[in-house]
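# Breakdown of the fold
Below are the chains, spelled out letter by letter.
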Amino acid sequence: MPTITSTEWMVILAGAAAIAWVNWYFFVAGRTTPMSVVATMAAPVTITVDGGYSPQQVRVKAGAPVRLVFDRRDSGSCSDEVVFPDFGIRKFLPTGQRTTIELTPPKAGRYEFTCGMSMLRGAIIAED
Ligand SMILES: [Cu+2]
């Protein structure tokens, strides 16, 4: 019957701690940041661009014009542009500036927006 040495216990505990951290990161930490906010023309939503979009989802009213403000913080070339394929919108986002985009979702549904290479993703959810 082999016995477990203290070194082996250290490895086992470190592994268990790593698994616990990963679970916490994905299932607990993610819930504390708002995933979805509501935007209107009068109350535009600011979307922070910093290696991704935050919030990633914006809820809007179908058929009503909406204003989104992209606040670009990072300077990586990936997030240089934001694209709304359903609306034919492609806009350059200068670092350190706020760029306003106005659009009107024609009907209820999910409309994605991405970076110029479709790597970063977000969406507006239009509801009746
Ligand atoms: Cu990109």
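Here is a short report on the structure shown in this document. (Residues numbered from 1 in each chain as written. Predicted model: local features only at pLDDT ≥ 70, side-chain atom pairs only at ≥ 80, totals over all residues. Heavy atoms only, no water.)

For the chain, the helix and strand inventory stands at one helix and ten strands. For the chain, the succession of helices and strands along the chain, N to C, is α-β-β-β-β-β-β-β-β-β-β. Across the chain, the fraction of contacts at a sequence separation of at least 24, relative to all contacts at a separation of at least 6, is 51%. Summing over all exposed atoms, the chain offers an accessible surface of approximately 8,000 Å²; the carbon and sulfur share of this is 61%. (Helix = DSSP H or I, 4+ residues; strand = E, 2+ residues; numbered from the N terminus. Contact = heavy atoms within 4.5 Å. Areas by Shrake-Rupley, 256 points an atom, 1.4 Å probe, with all protein chains shown as cover.)

So, about the nonpolar core. Formed by 23 residues in total, the largest nonpolar core has its most connected members in Tyr53, Leu68, Phe70 and Phe84. Going through the elements one at a time, β2 (45-49), β4 (57-61), β5 (66-72), β6 (81-84), β8 (98-103), β9 (109-115) and β10 (121-127) are the ones with two or more residues in this core. Beyond its immediate chain neighbours, meaning those up to four positions away, Phe84 contacts Leu68, Phe70, Ile89, Ile101, Leu103, Glu112 and Phe113. (Core = buried A, V, L, I, M, F, W, Y, C linked by side-chain atoms within 4.5 Å. Buried < 20%, exposed > 50% of the residue type's maximum accessible area, 1.4 Å probe, protein only.)

Within the element layout of this structure, Ser79 appears in the loop between β5 and β6. A polar contact is formed between the side chain of Ser79 and the side chain of Arg72, at a distance of 3.3 Å. Those residues in contact with Ser79 that sit more than four places away from it in its chain are Val49, Arg72, Asp74, Leu93, Cys115 and Leu120. (Polar contact = N/O pair within 3.5 Å; in protein donor to acceptor, adjacent residues only side chain to side chain.)

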